[in-house]
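# Structural description and commentary
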Amino acid sequence: MIPARSASNAAGPGSDRGNWRSCGGCGGKPAGRSPSRCLLKMVKGNIVPEDILSFCCNGLQGSTSPPPPCSRDPGEREEAPGAMGGRSPTEVQMSQLVLPCHTNHRGELSAGQLLKWIDTAACLSAERHAGCPCVTASMDDIYFEHTISVGQVVNIKAKVNRAFNSSMEVGIQVSYEDLCSGKHCSICKAYATFVAQGPPGTKVKLKPLAPQTEEEKIEHSIAAERRRMRLVHKDTLKDLLTRSPRETELETRDGSVVVPAEKTRVESVELVLPPHANHQGNTFGGQIMAWMENVATIAASRLCHAHPTLRAIEMFHFRGPSQVGDRLVLKAIVNNAFKNSMEVGVCAEAYGQEMSVSRRHINSAFMTFVVLDEEGRPRTLPMVVPQPGDGERRYREASARKKIRLDRKYVVSCKQTEVPLSVPWDQSNKVYLSYNNVSALKTLVAKANWALAREKEKVRIYTLEEDKFLSFRIEMSVRIAAGQAFSLLSDLRRRHEWDSHYASAELVQQVDEDDAIYHVVSQTLSHENKPQDFVILASRRKPCDKGDPYVVAFRSVTLPTHPACASFTRGETLCSGFCVWPESEEASKVAYYNQATPGYLAYVTTNVAGLSSSFCATFEACERFLLKNKDDLIARLRDL
């Protein structure tokens, strides 16, 4: 039920996602009238062509070749990322003028100092919500987009996105401001997890957070997905390493200098003094990160004999606290050097007395550095030769982390409109594709300004018109428990029992308990007069907390085992799925969402062909299917 696109006519990833300047089939309407606005009027007036009904009720349209998208209007501006509507009670704002004491040899703000400010702002936001002391538990990936110079101002906004039991996610946005030119520029966006600390021996139960604005609702909903991704991060790396060759294959580059990894090793000790501790007496998390960044920079410099620039910090977790009087031993080494970047592994250990033998592991992190030339372009780096044993293990793990990091940045960090409709699926990116699948649907659900377009008995049809998309929401109340509806709707193999647009759905791979990949064949014929087929990732999520819906999200992926073939026209779907909210123990609200891209809307507006009530008919068939099968489902569950 997401807009689809014919693979045979695709001009490339995202080729049907341009903005609109004119509408080709709107009866001579002036340029600037978007096809989505014209289609919205058609829906309200019950003038809905069969093709768009098929796409909305089936989610598997896309074989019809749309005209190429129009270019963007000159001067048209996208909404600034991270713009905050309203003021959250947990929001903390910090502005810091960058002074020479904050900078490195190039007069740029040191990453360590920035990490200290980020952690401080995030901690204050967490404590504002918790009403008690909080400590940093983890930090997600941070990608630094620009450097900041002396005299510029760093602006940091932090606010709690969601509170779980005793932990909460804090979202942080960092930008810089040039006071002379008035220029503002984004530096990074980060997510940190903080844990509330009560009196010794007690556990703090955090109060729920009530999001108010559209942005807050989106972040609140997706926070549960990010939490799930953090919990499986280590398993993803282990799984990739298990399937990788055990032998270490060293990269070869013509003319490159070779440096033994041991020559980059750094070890440094720091005594934790009162200025390094937070108001609870524990070593400030930002201070530990700053010290780790310092030794990592030295290790990177020893490899390249130049001054490196920190580009990214991989997701990491704090293992335990340290206090004033502790000694922190910080170790760093270059794990692997790629053509234009290197990974430095760094760890922090603590002990309480000079003669203490046992050390406590506080934290480990992996930092990515580049070396820039005078024009700001990454230089080619020397190669690293690892030591046998642990050195070779770190070398292989660094290669695996690079693959995972690129997958995560490509699938998770970029905007939805920048992700191709069908992304290749494999074991290394399965977690991130599942995240993208569910978070895209949750983002659509949390959107404001849905407009009721039509209501017929139990079925209500809503539309949401945006610059690049026209989205549909079709919902009804059904006398079935939400969990039962969730189980029945999440199995695409049964979709043909109520959706006439489905011919068949074959389970290709059961990825895990929550994700499955299907090969779907649609009844709808393409413009080539061939059936359409789709490879779809279906991701299921049960409620994380009270008030959350059951979620079943669909998106297209590509599999080497199921390439496009001559007997079908391969279609694609971007964002669609079901959300089911409990209304009582025996009743629920079932809603289907579908997001249409403008490339297909252009086809729709030029092919208006009559009246139809297929929306309502299909959803009424869905209700009959749910009611008919709920008793059988209960019996099967009892037998288990």
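What counts as what
- Residues numbered from 1 in each chain as written.
- Predicted model: local features only at pLDDT ≥ 70, side-chain atom pairs only at ≥ 80, totals over all residues.
- Heavy atoms only, no water.
- Helix = DSSP H or I, 4+ residues; strand = E, 2+ residues; numbered from the N terminus.
- Contact = heavy atoms within 4.5 Å.
- Areas by Shrake-Rupley, 256 points an atom, 1.4 Å probe, with all protein chains shown as cover.
- Expected span 1.5 Å × (residues − 1).
- Buried < 20%, exposed > 50% of the residue type's maximum accessible area, 1.4 Å probe, protein only.
- Axes fitted to C-alpha atoms, helices over the stretch in contact; angles between N-to-C directions.
- Parallel < 35°, antiparallel > 145°, perpendicular 65-115°, else oblique.
- Left-handed = near helix turned anticlockwise from the far one by under 90°.
- Nonpolar A, V, L, I, M, F, W, Y, C, P; charged D, E, K, R; others polar.
- Pairing = 2+ DSSP bridges.
- Core = buried A, V, L, I, M, F, W, Y, C linked by side-chain atoms within 4.5 Å.
- Salt bridge = Lys/Arg side-chain N within 4 Å of Asp/Glu carboxyl O.

So, about the overall build of the chain. For the chain, the count of helices and strands is 11 helices and 25 strands. For the chain, the share of sequence-separated contacts (at least 6 apart) that also reach a separation of at least 24 residues comes to 72%. Summed over its atoms, the accessible surface of the chain is roughly 27900 Å², and 51% of this surface lies on carbon and sulfur atoms.

With respect to the secondary-structure elements, Val-269 resides in strand β8 (residues 266-271). The spatial distance from the C-alpha of Val-269 to the C-alpha of Trp-291 is 9.5 Å, given a sequence separation of 22 residues.

Now for helix α3 (residues 111-130). Between its first and last C-alpha atoms α3 spans 28 Å; for 20 residues at 1.5 Å apiece the expected length is 28 Å, and the two agree. Of all 20 residues in α3, 16 are buried; the element is thus mostly enclosed. Backbone geometry just downstream of α3 places Gly-131 in the positive-phi region, at approximately 70 degrees.

Here the focus is the packing of α3 against helix α6 (residues 285-304). Running from N to C, α3 and α6 cross one another at 165 degrees; their axes reach a closest spacing of 8 Å. Our classification of the angle between α3 and α6 gives roughly antiparallel. Crossing of α3 against α6: the hand is right-handed. For the pair α3 and α6, the contacting residues are Ala-111, Gly-112, Leu-115, Lys-116 and Asp-119 in the first and Gly-285, Gly-286, Gln-287, Met-289, Ala-290 and Glu-293 in the second. Here the contact of α3 with α6 is built from residues that sort into four nonpolar, four polar and three charged.

Read from one edge of the open sheet, six strands run β3-β9-β13-β12-β11-β8, paired in antiparallel fashion. Looking at which strands have only one partner, the edges of the open sheet turn out to be β3 (142-143) and β8. Each of β8, β9 (309-313), β11 (327-337), β12 (342-351) and β13 (360-370) is contacted by α6, which is oriented at about 40 degrees to β11, the strand it contacts most.

Time to look at the nonpolar core. Counting 76 residues, the largest nonpolar core has Met-168, Ile-172 and Met-342 as its most contacted members. Ignoring any residue separated from it by four or fewer positions in sequence, one finds Met-168 in contact with Ala-126, His-129, Ala-130, Cys-134, Val-160, Arg-162, Ala-163, Ala-192, Thr-193, Phe-194, Ala-196 and Leu-206. Judged by nonpolar contacts, the second largest core, of 37 residues, contains Leu-470, Phe-472, Phe-615 and Phe-625.

For the structure shown, the criterion picks out 34 salt bridges. Of the charged contacts in the structure, one is a salt bridge between Arg-541 and Glu-225, with a shortest N-O distance of 2.7 Å. With Arg-541 in strand β21 (residues 531-541) and Glu-225 in helix α4 (residues 214-231), this residue pair connects regions lying 316 residues apart in the sequence. As far as burial versus exposure is concerned, Arg-541 and Glu-225 are alike and both buried.

These results come straight from atomic positions and should not be treated as a statement about function.
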